[in-house]
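# Topology and contacts: notes
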Amino acid sequence: MPRGRYSLHDPHDHTPLAEEHFQCAVGPSGWRYVSRLTTPTGDHRGSVDLTLDELGRPIRLELHTTDWQVRGAALDGITWVRTDPTGAQATEGTVRAHAFAGSSPAFLVATSRLLRLTPSGPAARLRLVAFTDPVLAPRTVDQSWALLNSEAHTTDNGPLVVDEYQVTALDTGERHTVHISGDVVLAAPGIELEDLETPPSVFP
């Protein structure tokens, strides 16, 4: 069960945004990721709770910030409810999309698990519903993912397989690289793995 800490920053000017303390686990029925977020000064900022089924589909999502929360799942596409803590401003949404996206590294692992690409194989196009911080406003985005390389690195705990993905935003053509090992993001724009207590899990 990997447990550790990511630092999140603005990918353009590198302004620190948050620390994400996480743990995740692979089980017979899928994968679950939970985390709590703090500001750079240590104040509570929010939380993430994401569960995937064995095919990588999001069967449960809960996002919390200080002023907003989202609950969602894959149901007739992607369905969610966004509300304030009192429930007075609840709104529902449904989009024909494949999965969720957001600032948490959990969403990158989830997308890679859903696609299950092969090195040097064809790229995959998909539609995601991204929730933007700090108000968790939903935005539909189209991306292309390609697995450029999968390389095993020798470590004290055995070989560590690192997958290198190229992610392209189809509306702007902007490209960036994401490095993932098992269920842990090693590096991505705006994300740095600062601490990892146990090795990444290996998906069956």
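Note that this is a predicted model, so its numbers are computed, not measured.

What counts, and at which threshold
- Residues numbered from 1 in each chain as written.
- Predicted model: local features only at pLDDT ≥ 70, side-chain atom pairs only at ≥ 80, totals over all residues.
- Heavy atoms only, no water.
- 1 Å grid on protein atoms, 1.4 Å probe; cavity = no way out; pocket = protein on both sides within 12 Å on 5 of 7 lines; lining within 4 Å.
- Points joined across faces, edges and corners; volume = space filled by probe spheres on them.
- Helix = DSSP H or I, 4+ residues; strand = E, 2+ residues; numbered from the N terminus.
- Nonpolar A, V, L, I, M, F, W, Y, C, P; charged D, E, K, R; others polar.
- Phe/Tyr/Trp six-rings, centres within 6.5 Å; stacked < 30°, edge-to-face > 60°.
- Buried < 20%, exposed > 50% of the residue type's maximum accessible area, 1.4 Å probe, protein only.
- Polar contact = N/O pair within 3.5 Å; in protein donor to acceptor, adjacent residues only side chain to side chain.
- Contact = heavy atoms within 4.5 Å.
- Salt bridge = Lys/Arg side-chain N within 4 Å of Asp/Glu carboxyl O.

If you walk through the whole model with that rule in mind, you get two cavities of 30 Å³ or more. Taken as a whole, the largest cavity spans an internal volume of roughly 160 Å³. As for the largest cavity, its lining consists of 16 residues, and the residues nearest its centre are Leu 37, Val 48, Ser 103, Asp 133 and Leu 136. When residues of the lining of the largest cavity are traced back to their parent elements, those giving at least two are strand E4 (44-53) and strand E5 (58-65). Looking at the lining of the largest cavity residue by residue, the class counts come to six nonpolar, seven polar and three charged. Roughly 40 Å³ of volume is contained in the second largest cavity. What lines the second largest cavity is Leu 50, Leu 52, Gly 56, Pro 58, Ala 99, Phe 100, Phe 107, Ala 110 and Thr 111. Among the secondary structure elements, those contributing two or more residues to the lining of the second largest cavity are E4, strand E9 (99-101) and helix H1 (106-115).

This next bit is on the packing of aromatic side chains. The description of an aromatic ring pair uses the distance of the two centres, along with the angle that the planes make with each other. Within this structure, the stated rule accounts for seven aromatic pairs. Seen from their ring centres, Tyr 6 and Phe 22 are 4.5 Å apart, and the 20° between their planes marks the pair as stacked. Of this pair, Tyr 6 sits in strand E1 (residues 3-9) while Phe 22 sits in strand E2 (residues 16-27); the two residues are 16 residues apart in sequence, bridging distant segments of the chain. Taking the relative accessible area as the measure of exposure, Tyr 6 reaches 1% and is therefore buried. Considering the side-chain rings of Trp 31 and Tyr 33, the 5.8 Å spacing of their centres and the 45° angle between planes classify their relative orientation as tilted. Of the two residues, Trp 31 and Tyr 33, both sit in the buried class. Three or more aromatic residues joined by ring pairs form one cluster here, namely Tyr 6, Phe 22, Trp 31, Tyr 33 and Phe 203.

The subject of this paragraph is the layout of surface pockets. As a volume, the largest pocket reaches approximately 1,100 Å³. Taken together, the elements giving at least two residues each to the lining of the largest pocket come down to E1, E2, E9, H1, strand E10 (124-132), strand E11 (137-155), strand E12 (158-169) and strand E13 (175-181). Top contributing element to the lining of the largest pocket by residue count: E11, with five residues. Class assignment of the residues belonging to the lining of the largest pocket gives a composition of 19 nonpolar, twelve polar and eight charged. Here the second largest pocket is characterised by a volume of approximately 540 Å³. Taken together, 26 residues line the second largest pocket, and the ones lying closest to its centre are Val 161, Ser 181, Gly 182, Ser 201 and Val 202. Examining the composition of the lining of the second largest pocket, we find that six residues originate from one element, E12, more than from any other. Its residues assigned to classes, the lining of the second largest pocket comprises 13 nonpolar, eight polar and five charged.

Here H1 lies mainly inside the structure; nine of its ten residues are buried. By the burial criterion, the buried members of H1 are Ala 106, Phe 107, Leu 108, Val 109, Ala 110, Thr 111, Ser 112, Arg 113 and Leu 115. Trailing H1 by a residue or two, Arg 116 shows a phi angle of about 50°, which is positive.

Tracing the sequence through the fold places Ser 35 in strand E3 (residues 30-38). Within the local environment of Ser 35, its side chain forms a polar contact with the side chain of Glu 20, the two groups lying 2.8 Å apart. Apart from the residues lying within four places of it in its own chain, the contact partners of Ser 35 are Glu 20, His 21, Phe 22, Ser 47 and Val 48.

Time to look at the pattern of salt bridges. Counted according to the given criterion, the structure contains eight salt bridges. Arg 5 is paired through a salt bridge with Glu 19; the nearest N and O atoms lie 2.6 Å apart. Of the two residues, Arg 5 is situated in strand E1 and Glu 19 in strand E2; the sequence distance between them amounts to 14 residues. In this structure Arg 5 comes out as partly exposed when scored by relative accessible area, which is 26%. As a salt-bridge pair, Asp 53 and Arg 57 come within 2.7 Å of each other at their nearest N and O atoms. A relative accessible area of 10% places Asp 53 in the buried class. By sharing partners, the salt bridges in this structure join Arg 32, Asp 49, Arg 60, Glu 62 and Arg 71 into a single network.

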